[in-house]
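# Observations on the model geometry
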Amino acid sequence: VVGFDPDLDLAILSVPGLAAEPLPRATENLPPGEDVVAAGFPWGGPYTLSQGRIRGTVVENGADIYGEAGVAREVYSIRGEVRSGNSGGPLLTPDGRVAGTVFAMSAVDPQTGYILTDAATAGWLDAAAELSEPVAAGGCLVR
């Protein structure tokens, strides 16, 4: 871990020897109705791509990863399957650009997921290539 933000629940990882180029980013917010794909490992299973559609962009007020209130995050609300294990994975546009980082699934609607917008994580993503020194990521919170 070379970058860590407990408010965004975001970690930047260094992978020595990784030769892959970063995926292009969709730097503009996506409009409602836009098709998207969530990539990840839902429920700890195999790599899966799940279709979705942008419902809207909202500012979600909540807690950081330690339960401390007062955090505002810009997120997409999407209609589509986002499950535990998708968190941290990319939200992709149909042409392969990264539009956000999968953040959470709805606790009340199985067809709703929440994704940090590119704007919410841009500072970290812009700096990621220059980060190389390990940083503490803190302890895990058991809920």
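Our subject in this report is the structure included herewith. A quick note: this is a predicted structure, and the numbers were derived from the prediction, not measured.

Conventions adopted
Throughout this document, residue positions are counted from 1 along each chain, in the order its sequence is written. The model is predicted, so local features are restricted to residues of pLDDT at least 70 and side-chain atom pairs to those at 80 or more, both for listing and for counting; the totals for chains, interfaces and linings are taken over all residues. Only hydrogens and water are set aside; all other atoms, that is, all heavy atoms of the structure, feed into the side-chain values. Each helix is a run of H or I in the DSSP string that is no shorter than four residues. Each strand is a run of E no shorter than two, and both are numbered from the N terminus. Each radius of gyration is computed over the set of C-alpha atoms, and the globule rule expresses the reference value as 2.2 Å times the number of residues to the power 0.38. Buried means the residue's accessible area, taken with a 1.4 Å probe over protein chains only, is under 20% of the maximum for its type, while exposed means over 50%, and partly exposed covers the values in between. Any two residues whose heavy atoms approach within 4.5 Å are treated as being in contact. Here a strand pair is declared whenever DSSP counts at least two bridges between the two strands. Under this scheme, a helix contributes an axis fitted over its contacting stretch, all axes are lines through C-alpha atoms, and angles between N-to-C directions fall in the 0 to 180 degree range. The pairing test for Phe, Tyr and Trp rings, Trp by its six-membered ring, is centres within 6.5 Å, and the orientation test on the planes gives stacked under 30 degrees, edge-to-face over 60, and tilted for anything in between. To define a nonpolar core, start from buried Ala, Val, Leu, Ile, Met, Phe, Trp, Tyr and Cys residues and group those joined through side-chain atoms within 4.5 Å.

### What about the overall build of the protein?
Assigned secondary structure in the protein consists of one helix and eight strands. Put simply, the protein runs from its N terminus to its C terminus through helices and strands in the order β-β-β-β-β-β-β-β-α. Radius of gyration (C-alpha) of the protein: 15 Å, near the 15 Å computed for a compact globule of 143 residues. For the protein, the spread of C-alpha atoms along the three principal axes comes to 40 × 35 × 30 Å. Going through the 143 residues of the protein one by one, you find that 34% of them count as buried. Look at the contacts in the protein between residues 6 or more apart in sequence, and 56% of them connect residues 24 or more apart.

### A short note on the sheet that holds strand β7 (residues 98-105)
One closed barrel holds the six strands; their spatial order is β3-β4-β5-β8-β7-β6, and the pairing between them is antiparallel. Within the sheet, the average angular offset between the axes of one strand and its neighbour, ignoring direction, is 50°. Of the strands in this sheet, β5 (69-80), β7 and β8 (112-117) are in contact with helix α1 (residues 118-127), which crosses β8 at around 45°.

### Topic: the pairing of β7
Burial of β7 is extensive: six of the eight residues sit out of reach of the surface. In this sheet, β7 lies alongside strand β6 (residues 90-92) in antiparallel orientation, the contact comprising three bridges. In the sheet register, Pro-90 faces β7, and the bridge partner there is Thr-101. Connecting β6 to the next strand, β7, in antiparallel fashion are five residues, including Gly-96 with a positive phi near 90°. Of the pairings in the sheet, the one linking β7 to β8 comprises five bridges and is antiparallel in character. Bridge assignment links Thr-101 to a residue of β8, and that residue is Leu-116. Where β7 folds back onto β8 in an antiparallel hairpin, the turn is made up of six residues.

### Observations concerning the environment of Ala-129
When you line up the elements, Ala-129 lands in the segment after α1. Its relative accessible area of 71% is what places Ala-129 among the exposed residues. Put simply, Ala-129 and Ser-14 are 115 residues apart on the chain and 8.8 Å apart in space, counted from C-alpha to C-alpha.

### Let's talk about the packing of aromatic side chains
Under the counting rule described, the total for this entry stands at one aromatic pair. Ring centres of Phe-41 and Tyr-47 lie 5.5 Å apart, and the angle between their planes is 55°; this geometry places the pair in the tilted category. Relative accessible area serves as the criterion here: at 44%, Phe-41 is assigned to the partly exposed category.

### Looking at the nonpolar core
Membership of the largest hydrophobic core is limited to twelve residues, which are Ala-26, Leu-30, Val-36, Ala-38, Ile-54, Tyr-76, Ile-78, Val-82, Leu-91, Ala-99, Val-102 and Ile-115. Of all the secondary-structure elements, those providing two or more residues to this core are β3 (35-40), β5 and β7. Those residues in contact with Val-82, other than ones at most four positions away along the chain, are Val-102, Ala-104, Met-105, Gly-113 and Ile-115. Leu-8, Ile-12, Val-75 and Phe-103 belong to the second largest nonpolar core, which has seven residues in total.

### Side note on the side chain of Ser-77
Counting through the fold element by element, Ser-77 comes out in strand β5. In this structure Ser-77 comes out as buried when scored by relative accessible area, which is 12%. If we ignore the near neighbours within four places in the chain, the residues touching Ser-77 are Arg-53, Ile-54, Arg-55, Gly-56, Thr-112, Gly-113 and Tyr-114.

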